[in-house]
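Coordinate inspection notes
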Amino acid sequence: RRQTEQPPFLRPSAIDDVMLLFATALCFAGILVGERKDEDAARDAALRVLSRTTLRSLEGFAPRGEIDGLSALQQPRDRSFARHLVSTTERRLGEIDSLLAMYYQDAELLWWRKGARRASRRRATLTALRLGAAQLLYCDGVPARAAVHATVEATKRAGGNAKVVNGVLRAIQRDNQGGGKSDLPPPKPDGGSPSEANASPWLVGNSALSEEETRRYLEIAATSTPSLDLSSLFTPPSLGGGVTLPCGSVRTSGAFDERFGKGAWAQDAAASVAARCVPPGGSVLDMCAAPGGKTAQLAASGAFSRIVATDVSRKRLDRLRGNLERLGLADLVDLRREDATKASDDELFDAVLLDAPCSCSGTARRRPEVLRKTTFGDLLETQANLLDAGLKKLKPGGTLVYSTCSILRPECQDHLASFSPRRDDASYYERWPFEEAPAGFHADALTDDGDLMILPWHLLLKLNEEDSESSSSSEDSESSQHEQQQDPYCDAHYVARLQ
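Residues numbered from 1 in each chain as written. Predicted model: local features only at pLDDT ≥ 70, side-chain atom pairs only at ≥ 80, totals over all residues. Heavy atoms only, no water.

Attention now moves to the overall build of the protein. Of the regular secondary structure elements, the protein holds 16 helices and 11 strands. Looking at the 499 residues of the protein, the share that counts as buried comes to 50%. Of all intrachain contacts in the protein linking residues separated by at least 6 positions in sequence, the fraction that spans at least 24 positions is 71%. Carbon together with sulfur atoms contributes 50% to the accessible area of the protein, which is approximately 24,000 Å² in total. (Helix = DSSP H or I, 4+ residues; strand = E, 2+ residues; numbered from the N terminus. Buried < 20%, exposed > 50% of the residue type's maximum accessible area, 1.4 Å probe, protein only. Contact = heavy atoms within 4.5 Å. Areas by Shrake-Rupley, 256 points an atom, 1.4 Å probe, with all protein chains shown as cover.)

As structure tokens, then:
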């Protein structure tokens, strides 16, 4: 009988238990492998996007289509992770390059601060180093060992020098054992704050802000993740899932939701101010109207007898037309494809809205690459020509509202102060100062000249917020504000009136 008895571990019930445990382990292993493959795909996609966005010509910005190209990833979690990697690397690029320069030599590092640019032959390697350093220093949810190993493997697949990437990232990991950027601070450029490394000296030198305000703006651009702001056809807004701000915009998170499709459009809270500054009644010309956020505001208000919107680009005008049709406002707007600087002066308007093409330096929270620009190109000339053309379109006593999403003096106050219209009588227009800041924004948004320079921290999140604290609040009150609302900021925007 002892010979025929089976050992306990060979009894059927024990074998079933072992097989069940083995099958469970295989399932978990498959899930882990699948997750790793998904993360690898996300890193590969981020590496491809960054190789095109961070290493480009001085005159170029990263097309948003390249970021949107991450939508090819199958899983929403992977798309979110890849976008997080790209945006973090872009926002902190100057700080990352300052750190990498301590371990690795490349002419591309901090090129926007050197006044010159050379094409890199080691694009995949340098981009992988930037991506890996961003994960080690600024992505709290990514384990350091996983960041190094996965980035090295992505470098191999991208054709970069994996040995260099492995050596540099492990050196950074070794020197940063504390796990936070405070343990390994990048060198401060020219004695300034680390975030100043993310911007070109040219941009900082042309800033219309004070030194303290510029530093604060750059820090917000590096650390703030912008929410999605919506303007609505309805008053008050009746969009589900969002918070209505005192300025009238609806703030939500994530991507534009289809349930908002027929009732709202994406528009930063600060960008919605200019259209509200156009005096109601009579006719209005919206110059450079595409993609149409301000045009939609004018049409939805019902306050104008006639609205004409123009743009020189057929593609952008088609996009404007599609947006107005989606909102049911197309019949209220006369759309024209024309170069505003060459248009006839026969047709005059009671008001003109000129949201001029500019450096976009006020949108650094959403487009961090704008901080690396080093020249205006022909923007100032274009703005002057548009201003001249817009003033010629006004009836006597009419109003021109000029706006830019810029923080740079030559595009804002200095530009208007030095502007000389091309007429015999150069005094045929005058500045029409605002008397107070717009609803929903701090009083500090009103400049000494009576213009509006809306900065990210001027946005009011509560109706009584201005009474309870000033815009120059301490770090403690600002931290408290962060806890109450994930994104307490808006873009920077400049608005002035001429009459």
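Of all 6 residues making up strand β6 (residues 306-311), 5 are buried, and the element is well covered by its neighbours. For strand β5 (residues 283-287) and β6, the ladder comprises 4 bridges, and the chain directions are parallel. Within β6, the position partnered with Leu-285 by the bridge is Val-308. The parallel pair β5 and β6, bridged by helix α11 (residues 293-301), forms a crossover whose chirality is right-handed. Of the strand pairs in this sheet, β6 and strand β7 (residues 334-337) are connected by 4 bridges, and their pairing is parallel. (Pairing = 2+ DSSP bridges. Right-handed = clockwise from strand over helix to strand, strands pointing away.)

The next thing to look at is the environment of Asn-176. Mapped onto the elements of the fold, Asn-176 is located in the loop between α7 (162-175) and α8 (201-205). Overall, the relative accessible area of 6% leaves Asn-176 in the buried class. For the pair Asn-176 and Leu-137, spaced 39 residues apart in sequence, the C-alpha to C-alpha distance is 8.4 Å.

Strand order across the open sheet formed by 4 strands is β2-β3-β1-β4, with antiparallel pairing between neighbours. The sheet is open, and its two borders are formed by β2 (243-244) and β4 (264-266), each paired with just one other strand.

Spatially, 7 strands are ordered β7-β6-β5-β8-β9-β11-β10 in an open sheet, and the strand pairing comes out mixed. Of all the strands in the sheet, the pair left with one neighbour each is β7 and β10 (452-454). Each strand of the sheet is rotated relative to its neighbour by a mean of 15 degrees, with strand direction disregarded. Summarising the sheet, strand β8 (residues 349-355) and strand β9 (residues 394-404) pair through 6 bridges and their orientation is parallel. Counted as the bridge partner of Phe-349 is Leu-394 from β9. With respect to the sheet, α11 is in contact with β5, β6, β8, β9 and β11 (493-498), its orientation differing from that of β5 by roughly 165 degrees. Against the sheet, helix α12 (residues 314-327) makes contact with β6 and β7, and its axis sits at roughly 165 degrees relative to β7, the strand it touches most. (Axes fitted to C-alpha atoms, helices over the stretch in contact; angles between N-to-C directions.)

By secondary structure assignment, the location of Leu-329 is in the loop between α12 and β7. C-alpha separation for the pair Leu-329 and Leu-298, spaced 31 residues apart in sequence, amounts to 10.0 Å. Not counting the four nearest positions on each side in its chain, Leu-329 is found in contact with Leu-233, Ala-296, Ala-299, Ala-300 and Leu-324.

The biggest cluster of nonpolar side chains holds 42 residues, and the ones touching the most others in it are Tyr-217, Met-287, Leu-371, Leu-400 and Tyr-402. Mapped onto this core, the elements with two or more residues apiece are α9 (211-223), β5, β8, α13 (379-392), β9 and β11. When sequence neighbours within four positions are dropped, the list of residues in contact with Met-287 reads Thr-310, Ala-340, Val-352, Leu-353, Leu-354, Asp-355, Leu-386, Ala-389 and Gly-390. Membership of the second largest hydrophobic core comes to 39 residues, among which are Trp-265, Leu-317, Leu-329 and Ala-445. (Core = buried A, V, L, I, M, F, W, Y, C linked by side-chain atoms within 4.5 Å.)

With that settled, consider the environment of Ser-193. Among the structural elements, Ser-193 can be located in the loop between α7 and α8. The exposure class assigned to Ser-193 is buried, which follows from its relative accessible area of 12%. Along the sequence, Ser-193 and Arg-216 sit 23 residues apart, while their C-alpha atoms lie 9.5 Å from each other.

With that settled, the discussion passes to the side chain of Asp-40. With respect to the secondary-structure elements, Asp-40 resides in helix α1 (residues 12-53). The side chain of Asp-40 sits in the buried core without any salt bridge; Arg-157 is the nearest counter-charge, 4.1 Å away. Setting aside residues no more than four positions away along its own chain, Asp-40 makes contact with Ala-150 and Arg-157. (Lys, Arg positive; Asp, Glu negative; His and termini not counted. Salt bridge = Lys/Arg side-chain N within 4 Å of Asp/Glu carboxyl O.)

In low-pLDDT regions, the fine details of the predicted coordinates are not to be read closely. For the protein, the mean per-residue pLDDT works out to 82, and 75% of the residues sit at or above 70. Of all secondary-structure elements in the protein, the lowest mean pLDDT belongs to helix α16 (residues 475-484), at 40, while β10 reaches the highest, 98. Every residue in residues 28-35 is under pLDDT 50, and counting partners more than four places away or in other chains gives 1 contact. Note on residues 467-485: pLDDT under 50 across the span, and 21 contacts to partners over four residues away in sequence or across chains. (pLDDT = per-residue confidence, 0-100.)

Using the criterion set out here, one finds 26 salt bridges in the structure. Ionic pairing is found between Asp-487 and Arg-365, a salt bridge with its closest N-O pair at 2.7 Å. Pair noted here: Asp-487 is in the loop between α16 and β11 and Arg-365 is in the loop between β8 and α13, with a separation of 122 residues, a long-range link. Among the residues examined, Arg-365 registers a relative accessible area of 1% and is labelled buried. Several salt bridges converge on common partners, so that one network encompasses Asp-229, Arg-251, Asp-268, Arg-365, Arg-366, Asp-487 and Asp-491.

Within α11, 7 of the 9 residues are buried, leaving the element largely enclosed by the surrounding structure. All buried positions along α11 are accounted for by Gly-293, Lys-294, Thr-295, Ala-296, Gln-297, Leu-298 and Ala-299. Gly-302, located one to two residues past α11, shows a positive phi value of around 65 degrees.

All right, on to the pairing of strand β1 (residues 228-232) then. The buried fraction of β1 is high, at 5 of 5 residues. By the alternation rule, side chains of β1 split into Leu-228, Leu-230 and Ser-232 and Asp-229 and Ser-231, which are all buried. With 3 bridges connecting them, β1 and β4 associate as antiparallel partners. Counted as the bridge partner of Ser-231 is Trp-265 from β4.

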